[in-house]
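Report on the structure
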Amino acid sequence: MKFTIAASVILFLTKQTNAQDTCDISGSFSVSSGSCSFDGLVASIEAKLSSLNCPSPNVPKLITSKLGATTLQDVKAEIASACSVAHLPFSSITGQGHVFDKEYFDGGTYYNDQRESTDDYGITINRLATDPGDRIQDIFQNQAQSNGFIWPSDLTNFEGCTLNAAMCCWVQDRQAGDNNGNCATPYDENCVD
């Protein structure tokens, strides 16, 4: 997530900790954070100030003050709200629509129980590394590391779930050679748990 910070705010932050103005900041600049969060913003500002040879103030306290917030919790909530704009809809994970997503959480899609195997001629069928593997890997590497996902409140599976938390439990290994279970080749003999 990219944050644009007004130079006057950063200059204010640095002058609060050091009477001497050793920090040369003009205009505005951006800081990037690996995560869109209060902690990510604080770490990014601290790193930016350090790279400019600026003094190291109590950034959380000063951000709270500059935003006119009364508590650190208020600041964190405001930043979380701003970050949630960047969250992706849950439906973007499968890209197959509401009915598929509902069936997935009911345990009834090929995402849940399809096994990679070979036919009578030794040709691989149901190559899980490709479908859905490539999509899942792409989402993990390019989205989930820096973006959140919007809670799937439209799915009846989560009605009454006050914690807005879900966990996936895999009941069997379905693909050989991925170092996460005991499935091995040949599939029909060694991948039957």
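Heads up: these notes are all about the structure in this document. (Residues numbered from 1 in each chain as written. Predicted model: local features only at pLDDT ≥ 70, side-chain atom pairs only at ≥ 80, totals over all residues. Heavy atoms only, no water.)

What follows covers the packing of aromatic side chains. In this description, a pair of aromatic rings is defined by centroid distance and the angle of the planes. One pass over the full model with this rule turns up 8 aromatic pairs. Look at Y104 and F105: their rings are 5.1 Å apart centre to centre, the planes differ by 75°, and that puts the pair in the edge-to-face class. An aromatic cluster of at least three residues, connected via ring pairs, comprises F90, F100, Y104, F105, Y110, Y111, W151 and F158. (Phe/Tyr/Trp six-rings, centres within 6.5 Å; stacked < 30°, edge-to-face > 60°.)

Glancing now at the side chain of T94. Position of T94 relative to the elements: it lies in the loop between β3 (88–89) and α5 (98–106). Within polar-contact distance, the side chain of T94 engages the side chain of D101 at 2.6 Å. Beyond its immediate stretch of four places on either side in the chain, T94 contacts F100, D101, Y111 and R135. (Helix = DSSP H or I, 4+ residues; strand = E, 2+ residues; numbered from the N terminus. Polar contact = N/O pair within 3.5 Å; in protein donor to acceptor, adjacent residues only side chain to side chain. Contact = heavy atoms within 4.5 Å.)

The next subject is α5. Burial in α5 covers these residues: F100, D101 and Y104. End-on, the buried residues of α5 take up no more than an arc of 100°, which puts them together on one face. Buried residues along α5 sit in contact with α6 (110–113). Note on α5: the residue one or two positions beyond its end, G107, has a positive phi of about 85°. (Buried < 20%, exposed > 50% of the residue type's maximum accessible area, 1.4 Å probe, protein only. Arc of directions from axis to C-beta.)

We now examine the nonpolar core. It is characteristic of soluble globular proteins that their nonpolar side chains tend to be buried jointly. If you look at the biggest cluster of nonpolar residues, it comprises 13 residues, and the most contacted ones within it are L41, I45, I63 and I79. Elements supplying a minimum of two residues to this core: α2 (38–51), α3 (59–66) and α4 (72–84). A per-element tally of this core places α2 first, with 5 residues. (Core = buried A, V, L, I, M, F, W, Y, C linked by side-chain atoms within 4.5 Å.)

We now examine the environment of F100. With respect to the element layout, F100 can be found in helix α5. Measuring from C-alpha to C-alpha, the distance between F100 and Y111 comes to 9.8 Å, with 11 residues separating the pair along the chain.

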